[in-house]
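# Commentary on secondary and tertiary structure
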Amino acid sequence: MMTEISLNILDVAENSTHAKASFVEITVCADTKADRLYVTIRDDGCGMNEEQLAHVEDPFFTTRTTRKVGLGVPFFKQAALSTGGSFHIDSKVNEGTVVYAEFVLDHIDRMPLGDINSTIYTLIQCHGDIDFRYVYRYDEREFILDTRQMKEILGGIPLDIPEVSEYIREYLSENKREVDGGVIL
Amino acid sequence: MKSLEELKAIREKMQGKIGYRSEDESQTRVIVGMATCGIASGARPVLNTLSDEVQKKGLTNIVVTQTGCIGLCQFEPIVEVLEPGKEKVTYVKMNPEKALEMLEQHLIRGHVLTKYTLNETTKL
């Protein structure tokens, strides 16, 4: 069981990296009027066939060979459904996969979003060969982090040197605070 | 809003100073398990602590990377250390504090911290 929504996001985005994605888009969107938190993780990886897709939400189905259970997707689904939200996966072989989760913000069983900046930072630092686009929206305000833009400006300087790592950390924390006013989701 | 302008300044500053880091055979690899089991038991702060500290100390001979499930889920978070020419060392049930201690003692000073390794902790 995960303790933060952001850990579920990290786990499911790791699946995208294993699916040989070259681009992963993560959207976290809080709509306080509708009392919803929407999360989507979209990749251009190898996708799943119909059989895999039909079983992916089953904890006793996994493509892994080291053990017989796969709990990543079921954990995420359970976290969303237990708030009265919804969960859905679309996938096409050779095109990619999209995971949608909708949480009821005010529900007592909604786990905290947690350290989402750390999740995004970990993904960017550990997967230099994959491009990430991260959108964080809180009601009408939003910010976007796009590693393609960053790489273009940096022109060959990697994202995991100390100066750039520090910049990315500050970019995430300053902009998040400006978008949500420091509210704890 | 923090803008992308600052990145241009970093580029100007770093231009020409970055050597290509080749993953050669003299490098030590530090691998953190980042599957569901690892993440659920706290691998994210372990990984970030290790990679930040390696960056901060300028340990260019060490690469911190991640892997999926190693198959020992009950021992997560797991950190494996692969030094060239040496046997793999598996640290289990790690946390950021233990990871820093391991970095200091093992990766910098060369003493394997057996109190946190798989063999020691499984002797029950």
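Here the structure is shown first, and the text comes after it.
Just so we're clear, the structure is a prediction, and the values are computed from it rather than from any experiment. (Residues numbered from 1 in each chain as written. Chains lettered and ligands numbered in written order. Predicted model: local features only at pLDDT ≥ 70, side-chain atom pairs only at ≥ 80, totals over all residues. Heavy atoms only, no water.)

### A look at the interface of chain A and chain B
- Listed by partner, the interface residues are 47 residues for chain A and 31 residues for chain B.
- Counting across the chain A and chain B interface gives three salt bridges.
- Put simply, Glu4 of chain A and Arg44 of chain B hold a salt bridge, and the shortest N to O gap is 2.9 Å.
- At the junction of chain A with chain B, the criterion picks out 19 residue pairs in polar contact (both at pLDDT 80 or more).
- Elements supplying a minimum of two residues to the side of chain A that touches chain B: helix H1 (5–18), helix H3 (72–81), helix H4 (116–126), strand S6 (141–146), helix H5 (147–154) and helix H6 (162–180) of chain A.
- It is H6 of chain A that provides the largest number of residues to the side of chain A that touches chain B, a total of 12 residues. (Contact = heavy atoms within 4.5 Å. Salt bridge = Lys/Arg side-chain N within 4 Å of Asp/Glu carboxyl O. Polar contact = N/O pair within 3.5 Å; in protein donor to acceptor, adjacent residues only side chain to side chain. Helix = DSSP H or I, 4+ residues; strand = E, 2+ residues; numbered from the N terminus.)

### Topic: the sheet that holds S6 of chain A
All names here are of chain A.
- Ordered by their spatial adjacency, six strands build an open sheet running S3-S4-S2-S1-S5-S6, and the pairing between neighbours is mixed. Two strands close off the open sheet at either side, each with one partner strand: strand S3 (86–92) and S6. The sheet shows a mean angle of 5° between the axes of neighbouring strands, direction not considered.
- Against the sheet, H5 touches strand S1 (23–31), strand S5 (131–138) and S6, its axis set at about 55° to S6. (Pairing = 2+ DSSP bridges. Axes fitted to C-alpha atoms, helices over the stretch in contact; angles between N-to-C directions.)

### Section: unusual backbone geometry
- Of note, the bond from Glu76 of chain B into Pro77 of chain B is cis; its omega dihedral lies within 30 degrees of zero at -5°.
- Tracing the sequence through the fold places Pro77 of chain B in the loop between strand S2 (62–67) and strand S3 (79–82).
- For Lys20 of chain A, which is not a glycine, the phi torsion comes out positive at approximately 60°.
- Within the fold, Lys20 of chain A resides in the loop between H1 and S1.

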